[in-house]
Amino acid sequence: MPGIVWFVVRRLFATVLVMLALSLAVYLIFYAIPADPAHLSCGKPCTPDRLEQARHFMQLDQSTIQQYLNFLRGIFAGRTFGDGPAAVRCEAPCFGYSFPLGRPVTTLIADRLPVTASIALGAAVLWLLIGVSLGVIAALNRGRLLDRLSVGVALIGVSTPSFLLGLLAILAFGFWLNMVPVNGYVPFTESPVDWAWHLVTPWLVLAVLQAASYIRLTRAQMLEELNLDHITTARAKGAGEARVVVTHGLRGALVPIVTLFGLDLGGLLGGAILTEKVFSMQGLGELLISAVGQLDVAVVVGVTLFSAFLIILANLVVDIVHGALDPRVSHG
Amino acid sequence: MTEELLRLDGVRKYFGLRGVPWQAAQAVRAVDGVSFVVRKGETVGLVGESGSGKSTLARVATRLLDPTAGRVEIGGKDVTRVRGRRLRPVRRRVQMVFQDPQASLNPRQSVGTILSTPFRAQGTRPTRTQLVELLHQVGLSEEHLERYPHEFSGGQRQRIGIARALAVSPDLLICDEPVSALDVSVQAQVLNLLADLRDELGLSYVVVAHDLAVVRQVAGRVAVMYLGTIVEEGPSDQVYNAPAHPYTKALLSAVPVPEPGAVRERIVLTGDVPTPIAPPSGCPFRTRCYRAEDVCATERPVLQPVAGQTEHLAACYFPEPPTSERT
Amino acid sequence: MAEPILEVHDLRVTFATEGGPVPAVDGIDFAVAPGETLAIVGESGSGKSVSSAAVMGLLPSNAEVRGEVLLDGRELVGLEADELRKIRGNDIALVFQDALSALNPYYSVGWQVAEAYRLHHDVSKKVAFRRAVEMLDKVGIPDAARRAKSYPHEFSGGMRQRVVIAMALVNNPRVLIADEPTTALDVTVQAQIMQLLADVQEEFGTALVLISHDLGVVAEVADDVLVMYAGRAAERGTVRDLFFRAAHPYSLGLLGAMPRIDVPPTRRLTTIPGSPPSPGSISAGCPFQPRCAYTERVGERCVTERPELTPRPGEGDHEAACHLGRRPEVVA
């Protein structure tokens, strides 16, 4: 047991280092672009004087390194832009302030995260169910019709762009069949039913796309597992086929599936850009895209770092879960 | 005294284990102080059960592994610290034959390419005649040169493995479990081949094996390993007929004899071999030994001649008394 | 011999492959009585393992099994899957060669032994686990109550094989088939395991079918021996028949090829030239003929006519499948 504690400590320490390096890299990249965010906040007519004022207020007139250090300090101490009655305060932990939106980046992310999380988690449950069951069915019927069908579905899923499938789904379910709303998001706390009803189509679309890789992975893993000696042992003990397949076969295939699942989910929580755009949902992905359009560098940096953090975190969780799922893995 | 081909002096090989910082680092003591000499013309058997360190010792002796401590001499030269390119002359004298010919032959190379590799590693190019000659030595023929490993049976593959080792005309072959992956009928062919090559080419062997009967068949001298140390060493006849170390005695008594109704005294050892991470104090065998007394836990016994013998050594405080010849 | 508990008559196993049907077992007979041990001896490709899998109904779907397998007079070939399931692990149990791969790495050994019990007894998990601990203790796992919670990789090879044996014996089977049970083990551990099997047989009167290539082990524990070569029986008889009156050149060759610990070595072992044939590559005559030293003396018959098992005159049930009328002698 001390092994796992030490493992997590080591990994968290590594995470901090990676995030530091990453934030520096992101900072250097985004603040090196020639466009000047101050332009957008300078108003019209934008005299050089007013521009300089805006730059000073937004603290863009300092060197990039100084700005980065301000950013780091802001995380712990918060930041204040300008002074006097016009001053803007960004409380700790401050990950930047969006002047075009007039709100701290942390608040923006906190507002948008539930939308993205709703899309991602719901879809994840669906694609896991679809992918794993079709994968198992394909493996058990290797070479037969059901196998070919499942693999076919997987192929279509992998090769279809999400916006195409999304638009088709809106067209079919929303307009022709008029079954579901075509866009918008209702918070879960307001009405769970409406929440789900609005999300059904994006869930299905994302799930079908993602399930593809799970079908293929599950199929391959199951074929391998079912060939192992301990499967024969299970049969020799008198276990029925269902028990052999699920308790003994699927149990062994679980580790790589869970690994992929964790990483996919971690990635998706950082923003399902295309899906959010197609279904007009105000999630993290949508936030990022509009921020890029408005040269809102603070938001771009904030969301990018947040997504990166989620992926690193997902990796850590996956590794810990891996240890829990496979008794042979030791976190030494 | 004939020429020494291989001399190991106090060789140790520890494999480190990564731990947590608040615990002391641990090491697997795979080989824990072994001294050992092979002279020209000899076949020495190295027997032991899994975890005894015999394969690790073979790899240290061929300098495939670096020893943690001790000295490795090949042909009278200290090669303990020799590395990389400068190992070439060492490789020319000592070659290794591996257990699993399936795993040790590159499946994408033809036999011809496999056999040329040792030549090229020495900076020469073999002629076709040389390659065919090698195949003949191991009982294969010219037509096999263009074939690939999967086209051969297990026994033939092991012959290819031997031919590859012979390519550089070594003095000493270290064979790690050369027949344990083979069927009985094929195993005998390979053992006979090793004997023939010894006579024809004047080769010497170290044969590492867990099968005591195989070692008795080929080796003139035998060393018995337990938990990283040699517990008994001597001429095969003496060790097999009158084992002095209790472990050797138990090991020999456990080997079933293909003779129904044969009455033999069997010493069934209890428990498992202790972990090489924390071997017992003193004699490594004392925890399972039927003769152990308090003194065995104090100092590790050193190899010393058995009463009345000169070349038969045992590392034991209470060696078995020499018995009359058993048959 | 007492009334046999397991009888096999004219067992044939053919595998459907892309290259056409491949016969792996070509008509073998054997029987074993309670408390007795039958050894099936043979090299790779002899069909000895396929035979045992066929008896258990454990062959893959591309295998066709014909002949009779009678357990206490009841025909097992062609039995409903569910009926067969009730027999497997309950009346006939299997011990594999490689205990590490025969055990499921994801479950504790206690769980796995308990599962074998629960599959044939309607008891709670708790009761089954208690039974498992009892069984692990019986096969000599020290501190069984605690070790039952450990996973297979945490055991030594010998201890793992004890676990597999505990799993096989937990339902008190009437027949135990052990496929090379000690091949992967060191000799001192092999001695322990063979002793354990002998004790079990004595206590429960289990019939043991021991599949082995190790003639030393066979000489020590077997009552009867069946020597298989290329899917057929080469010789059958009591253990003394085989070791003292070997009638088939192949049996004799095997005995001569085996280095012995109890006699001073001769410089060369007698060998059988060539290697065992792969299944499917056997022609019309005697399968051993290409490697046989006696073919010249017998002549054409060995190439054209397949020898059947024939009783040796005056030697009871001792039979050999060889055209050579008299006993072959050792050729050096």
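The structure presented is a predicted model; accordingly, all values stated were derived computationally and were not measured.

### Topic: the overall build of chain A
Inference 1: Looking only at helices and strands, chain A has 13 helices and four strands in total.
Inference 2: For chain A, the spread of C-alpha atoms along the principal axes amounts to about 85 × 60 × 35 Å.
Inference 3: Looking at chain A residue by residue over its 332 residues, the buried ones come to 36%.
Inference 4: Contacts spanning at least 24 positions in sequence make up 65% of the contacts within chain A whose residues lie at least 6 apart.

### Let's talk about the confidence of the model for chain A
Inference 1: Per-residue pLDDT for chain A averages 85, and the proportion of residues at 70 or more is 97%.
Inference 2: Across chain A, helix α9 (residues 229-237) of chain A holds the top mean pLDDT of 94, while helix α2 (residues 37-40) of chain A sits lowest at 72.

### Observations regarding the UniProt feature "domain: ABC transmembrane type-1" (unreviewed entry) in chain A
Inference 1: Feature annotation in UniProt places "domain: ABC transmembrane type-1" (unreviewed entry) on residues 113-322 of chain A, given in this structure's numbering.
Inference 2: Helix makes up 82% of residues 113-322 of chain A and strand 0%, whereas the separation of the span's terminal C-alpha atoms amounts to 27 Å.

### Side note on the sheet that holds strand β1 (residues 6-17) of chain C
All names here are of chain C.
Inference 1: Strand order in the open sheet made by the four strands is β2-β1-β4-β5, with antiparallel pairing throughout. The outermost strands of the open sheet, each flanked by one partner alone, are β2 (20-32) and β5 (74-75).
Inference 2: Sheet analysis places strand β4 (residues 63-71) next to β5, joined by two bridges and oriented antiparallel. Paired with Leu70 across the strands is Glu75, a residue of β5.

### Notes on the interface of chain C and chain B
Inference 1: Listed per partner, the contact involves 39 residues of chain C and 36 residues of chain B.
Inference 2: Elements with a contribution of two residues or more to the side of chain C that touches chain B: α7 (157-169), α8 (187-204), α9 (215-221), α10 (239-244) and α11 (249-257) of chain C.
Inference 3: At six residues, the largest contribution of residues to the side of chain C that touches chain B is made by α8 of chain C.
Inference 4: Split by residue class, the side of chain C that touches chain B holds 19 nonpolar, 12 polar and eight charged.

### Examining the pairing of β1 of chain C
Residue and element names in this part refer to chain C.
Inference 1: Sheet topology note: the β1/β4 ladder contains eight bridges and is antiparallel. Note that in β4 the partner of Val8 across the bridge is Val69.
Inference 2: When β1 meets β2, the two strands line up antiparallel, connected through 10 bridges. The residue bridging Arg12 from the neighbouring strand is Asp26, located in β2.
Inference 3: In sequence, β1 turns back onto β2 through a hairpin of two residues.

### Things to note about the packing of helix α5 (residues 105-140) of chain A against helix α8 (residues 192-225) of chain A
Residues and elements named next belong to chain A.
Inference 1: Here α5 crosses α8 at 35°, and the two axes come no closer than 5 Å. Pair α5 / α8 crosses with right-handed handedness.
Inference 2: Here the residues of the contact of α5 with α8 sort into 24 nonpolar, six polar and one charged.

### Concerning α8 of chain C
Inference 1: With 18 residues, α8 of chain C should cover 26 Å at 1.5 Å per step; its first-to-last C-alpha distance of 26 Å lies within 8% of that length.
Inference 2: Considered for burial, the residues of α8 of chain C that qualify are Val187, Thr188, Val189, Gln190, Ala191, Gln192, Ile193, Met194, Leu196 and Leu197 of chain C.
Inference 3: Structurally, α8 of chain C contributes buried residues whose contacts are with α10 (246-254) of chain B together with α7, β7 (175-179), β8 (207-212) and α9 of chain C.
Inference 4: Taken from the residues just after α8 of chain C, Gly205 of chain C is the one with a positive phi, measuring 65°.

### Comments concerning the interface of chain A and chain C
Inference 1: The partner chain C presents 23 residues to the 17 residues of chain A that form the contact.
Inference 2: Elements that contribute at least two residues to the side of chain A that touches chain C include exactly α9 and α10 (241-269) of chain A.
Inference 3: A per-element tally of the side of chain A that touches chain C places α9 of chain A first, with seven residues.
Inference 4: Its residues assigned to classes, the side of chain A that touches chain C comprises four nonpolar, seven polar and six charged.

### Quick word on the packing of α5 of chain A against helix α13 (residues 297-325) of chain A
Residue and element names in this part refer to chain A.
Inference 1: Following both chains from N to C, one finds α5 and α13 inclined at 55°, their axes separated by 10 Å at the closest point. As far as their axial angle goes, α13 and α5 are oblique. Crossing hand, α5 versus α13: right-handed. Contacts from Val105, Leu108 and Ile109 of α5 reach α13 at Ala298, Val299, Gly302, Val303 and Phe306.

### Some points on helix α4 (residues 64-77) of chain A
Inference 1: Here α4 of chain A contains 14 residues, and its C-alpha end-to-end distance of 19 Å stays within 8% of the 20 Å for a straight helix at 1.5 Å per residue.
Inference 2: A positive backbone phi angle near 75° is found at Gly78 of chain A, which sits one or two residues after α4 of chain A.

### Quick word on the sheet that holds strand β3 (residues 37-41) of chain C
Residues and elements named next belong to chain C.
Inference 1: What the eight strands build is an open sheet, ordered β6-β7-β8-β3-β9-β10-β12-β11; its pairing is mixed. Across the chains shown, the open sheet's two edge strands, defined by having one partner strand only, are β6 (92-95) and β11 (310-311).
Inference 2: Pairing between β3 and strand β9 (residues 224-229): four bridges, direction parallel. Bridge pairing links Ala39 to Val225 in β9.
Inference 3: Strands in contact with α7 are β6 and β7; relative to β6, the strand with the most contacts, it is inclined by about 175°.

### Comments concerning the nonpolar core
Inference 1: One finds Val113, Ala132, Leu136 and Val163 of chain C to be the most contacted residues of the largest nonpolar core, which totals 203 residues.
Inference 2: With eight residues, the single largest contributor to this core is α7 of chain C.
Inference 3: Look past the residues within four positions of Leu136 of chain C in its chain and what remains in contact with it is Gly110, Val113, Ile141, Ala144, Arg147, Ala148, Val163 and Ala166 of chain C.
Inference 4: Membership of the second largest hydrophobic core comes to 47 residues, among which are Ala123, Leu204, Leu268 and Ala272 of chain A.

Reading guide: rules and limits
- Residues numbered from 1 in each chain as written.
- Chains lettered and ligands numbered in written order.
- Predicted model: local features only at pLDDT ≥ 70, side-chain atom pairs only at ≥ 80, totals over all residues.
- Helix = DSSP H or I, 4+ residues; strand = E, 2+ residues; numbered from the N terminus.
- Buried ≥ 20, exposed ≤ 12 C-beta atoms within 10 Å, placed from the backbone.
- Contact = placed C-beta atoms within 7 Å.
- pLDDT = per-residue confidence, 0-100.
- UniProt positions renumbered as here; feature names shortened; annotations may be inferred.
- Pairing = 2+ DSSP bridges.
- Nonpolar A, V, L, I, M, F, W, Y, C, P; charged D, E, K, R; others polar.
- Axes fitted to C-alpha atoms, helices over the stretch in contact; angles between N-to-C directions.
- Left-handed = near helix turned anticlockwise from the far one by under 90°.
- Expected span 1.5 Å × (residues − 1).
- Parallel < 35°, antiparallel > 145°, perpendicular 65-115°, else oblique.
- Core = buried A, V, L, I, M, F, W, Y, C linked by C-beta atoms within 7 Å.

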